[in-house]
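# Structural overview for review
The residues making up each chain are set out below.
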Amino acid sequence: MQGVSNFRTTFVRGLKGAAAGLLAGYTALAVAELVASLARPEAGPVTVVGGAAIDRTPAAVKDFAIRTFGENDKLVLQLGILATLGLLAVALGLLSLRYRRTGAAGVLLFGVIGAVAALTRPDTQGPVDALPSLVGALAGAAILYLLAGRIVSAAGPEPVAGPKPVAGPETTAGPETAAGPETVAAERQGRWSRRGFLAAASVTAVAATGLGALGRTLSGRRGQGAVASRAGLKLPAPASPAPALPAGVQLKAQGISSFTTPNKDFYRVDTALVVPKVDADTWRLRIHGKGVARPRTYTLQDLLERPLIERDITLTCVSNEVGGPYIGHARWLGVRLADLLRECGVKPPSKGGPADQLVARSVDGMALGSPVEDVMDGRDAILAVGMNGEPLPFDHGFPVRMLVPGLYGYVSACKWIKDLELTTFDAYDAYWVKRKWARKAPIKTQARIDTPKPFARPTAGSVVVAGVAWAQHRGIDRVEVRIDDGPWQDADLAPQAGIDTWRQWSYPWKAAAGGHTLTVRATDGTGAVQTEERARTVPDGASGWHSVFVTAG
Ligand SMILES: Nc1nc2c(c(=O)[nH]1)N[C@H]1C(S)=C(S)[C@@H](COP(=O)(O)O)O[C@H]1N2
Ligand SMILES: [Mo]
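The present account deals with the structure reproduced in this document. Positions within a chain are numbered from 1, following the residues in the order the chain's sequence is written. Just so you know, chain letters begin at A and ligand numbers begin at 1, following the order they were written in. Local features in this predicted model are restricted to residues whose pLDDT is 70 or higher, and side-chain atom pairs enter the listing and the counts only when it is 80 or higher, whereas totals over whole chains, interfaces and linings include all residues. Only heavy atoms go into the side-chain values, all of them from the structure, while hydrogens and water stay out.

## As for the overall build of the protein
Within the protein one finds 13 helices and 18 strands. Two residues form a contact once any of their heavy atoms are found within 4.5 Å. Put simply, of all contacts in the protein between residues at least 6 apart along the chain, 75% involve residues at least 24 apart. The sign given to each residue is positive for Lys and Arg and negative for Asp and Glu; His and the chain ends receive no count. Charge positions come from single atoms, namely NZ of Lys, CZ of Arg, CG of Asp or CD of Glu. Here the protein carries 61 positive and 48 negative side-chain charges, and the mean point of each set is 7 Å from the other. Only runs of H or I of at least four residues qualify as helices and only runs of E of at least two qualify as strands under DSSP, and these elements are numbered from the N terminus.

## Describing the site of ligand 1
Proximity is defined per residue: if any heavy atom of the residue lies within 4 Å of a molecule or strand, that residue is considered near it. Around ligand 1, 20 residues are found, and the nearest of them are Tyr267, Asp270, His396, Arg401 and Lys415. A distance of 3.1 Å separates an oxygen atom of ligand 1 from a polar atom in the backbone of Val269. Polar contacts, as counted here, are pairs of nitrogen or oxygen atoms within 3.5 Å of one another; within protein the pair requires one atom able to donate a hydrogen and one able to accept it, and residues that are adjacent in sequence qualify only if both atoms are side-chain atoms. One of the side-chain nitrogen or oxygen atoms of Arg401 is found 2.7 Å away from an oxygen atom of ligand 1. Exposure was quantified through the Shrake-Rupley algorithm and a 1.4 Å probe, taking into account, for residues, occlusion by the shown protein chains and nothing else. Within the complex, 100% of the 530 Å² of free accessible area of ligand 1 lies under protein.

## Topic: the pattern of salt bridges
The term salt bridge refers to a pairing of a side-chain nitrogen on Lys or Arg with a carboxyl oxygen on Asp or Glu at a separation within 4 Å. With the rule as written, the count across this model stands at 27 salt bridges. Of the charged contacts, one joins Asp270 and Arg268 as a salt bridge, the two residues approaching to 2.8 Å between their closest N and O atoms. The burial state of Asp270 is the same as that of Arg268; both residues are buried. Close ionic contact of Asp540 with Lys444 constitutes a salt bridge, the shortest N to O distance being 3.0 Å. Pair noted here: Asp540 is in the loop between β17 (514-524) and β18 (546-552) and Lys444 is in the loop between β10 (417-423) and β11 (446-451), with a separation of 96 residues, a long-range link. A relative accessible area of 30% places Asp540 in the partly exposed class. Exposure classes here rest on a 1.4 Å probe applied to the protein chains alone. A residue is buried below 20% of its type maximum, exposed above 50%, and partly exposed in between.

## Here's the deal with the sheet that holds β17
The strands that make up a sheet pair up through hydrogen bonds in the backbone, lying either parallel or antiparallel. By this definition, two strands are paired if DSSP reports at least two bridges between them. Reading across from one edge, β14-β13-β17-β18 is the order of the four strands in this open sheet, with antiparallel pairing throughout. Of all strands in the sheet, those bounded by a partner on one side alone are β14 (489-490) and β18. Across two bridges, strand β13 (residues 476-483) lies against β14 in antiparallel orientation. If you follow Glu480 over to β14, its bridge partner there is Asp490.

## Considering the sheet that holds strand β12 (residues 461-470)
Taking strand neighbours across the sheet as the criterion, the four strands line up as β11-β12-β16-β15 in an open arrangement whose pairing is antiparallel. Whereas interior strands pair on both sides, the edge strands pair on one side only; in this sheet they are β11 and β15 (492-493).

## Considering the nonpolar core
Counting residues in each nonpolar core, the largest one holds 80 residues, and the members touching the most others are Trp332, Leu383, Ile417 and Leu420. Not counting residues up to four positions away in its chain, the partners in contact with Leu383 are Leu285, Leu333, Gly334, Val335, Leu337, Leu340, Val400, Arg401, Met402, Ile417 and Leu420. Counting 21 residues, the second largest nonpolar core, distinct from the first, contains Ile449, Val465, Val479 and Ala511. We call a set of buried Ala, Val, Leu, Ile, Met, Phe, Trp, Tyr and Cys residues a nonpolar core when their side-chain atoms join them within 4.5 Å.

## With respect to the packing of aromatic side chains
Each Phe, Tyr or Trp ring (for Trp, its six-membered ring) is paired with any other whose centre lies within 6.5 Å, and the angle between the two planes then decides the class: stacked below 30 degrees, edge-to-face above 60, tilted in between. This structure, assessed with the given rule, holds ten aromatic pairs. Relative to Phe11, the ring of Phe7 lies with its centre 6.1 Å away and its plane at 20°, an arrangement referred to as stacked. On the criterion of helical spacing, the pair formed by Phe7 and Phe11 is a turn pair, its members being four residues apart in helix α1 (residues 2-38). Lys277 extends its terminal NZ or CZ atom over the ring of Phe394, reaching a point 5.4 Å from the ring centre. By definition here, charges over rings are those cases where NZ of Lys or CZ of Arg is within 6 Å of the ring centre and within 35 degrees of the ring normal.

## Some thoughts on the pairing of strand β7 (residues 382-387)
The buried fraction of β7 is high, at six of six residues. Where β7 and strand β9 (residues 401-403) come together, three bridges link them in antiparallel fashion. Its bridge partner being in β9, Ile382 is matched across the sheet by Leu403. Sheet topology note: the β7/strand β8 (residues 390-391) ladder contains two bridges and is antiparallel. From the neighbouring strand, Gly386 faces β8, where its bridge partner is Pro391. A loop of two residues connects β7 with β8, the two strands running antiparallel in sequence, and Asn388 in this loop sits at a positive phi of about 50°.

Here is the structure:
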């Protein structure tokens, strides 16, 4: 009997220890959230640790995460961090049963780690960014210390610190022999401490939840200046409108992509755990660097007063697998980037300019590098303010982002841009280049089957096979479809909207009953046929033919 009740006492103590650890961790995060909402939402511990993790993620793992979790990759990362913190909090709670001070110190250590992560973020605003983690950890440590103190007494006679003097039921059942000051205090509290722990734990839980919720509300309010500036932004009419889309760019086939991707459905790929909310009224863009005869800083008003161009451009991510979803098409409105650069005295390398790399930096510390030659060779490289008739959504770079037709997003499409530096590829490696991706990355020719879907079971007979093909800045001249090992057959092409856009295709298939593999390949505007050679996304984009297996019946 004695053994069973001992076991139960120990077990209940352990549960309380774990609960104390979790509550301490929860309090630390809630307080940190509140402080971050007052200092800077981007400096919250989960955000900065997550950001540091993203920056240190090897290309292959990032690739895996995007492939496996898609656009939920950031959510999965944050949940992973929370789960890890939860386990560590339980461990610290158990530790604090024996070593109260050490347990509390452990919480502080995590605060220091969070603070270091905050201070080493590329977009850090200085010491203030350390506050959320530090203040949160102080609160967490205090809570753990206090709660652990209450558990001590609830456990009754169990020793608090140091090894038991003698092992055996008599000793544990009897009064504490190696009594330290904590135990004496605990004995004094003895009678009400069991309820004391539960009461203290409940108060902590409620208070922490309240503080965290307050923090969330305040964080939500902070972006309101930016939200108001976006709501108040009236986009001027373009001096050079986009040519009307030819009739028929959108095929009728069921299940084919929309030619123009609605903003809310446009894919999103970036490293931002908190979407930057930039106030358009205080936004500035600086252009400077090697060979910039007249460095300048522009306001949004400066840009909007220039003649704007409107263009249809299809954007693609280098992390898009063959057949993958990271491509979207929009009509963009903005200023011609080459004009702006010329105004600052920039010359492309072919005209004797000393800089061959244009590095675009964002408010969240991202740096993307594009070839100056491409930006200034006459293509519609644009600093966009509008997307499909409205100001850029925050997710897609409000107030201004860059786009260079023909180049993957990671070497051209800087969102939340704030700085353009002219430099050389020899002198500087941008963010993704430091992480094993190629310095230069023109978009590879690809075709995708949108319908039927993989493993679909269409009715035998007439089946429409349809999809999209792209080779931005070269255009698509031909798309062919192959059924099983049969001959390549020409698909019907929708009209081409422009060489910078994707193009839809369809193929009327007479499907015999049974399993079939459908394969597609495109030919670009230079006459080059899409390569069959399979390549993974790292370092410069996936290649190979897209195919789907379907069963007609
Ligand atoms: N500031 C910033 N800009 C960025 C990125 C980023 O991580 N941060 N990612 C780039 C990548 S890899 C791509 S593919 C495009 C995606 O743009 P979208 O999210 O609007 O589709 O943005 C580019 N611009
Ligand atoms: Mo990308």
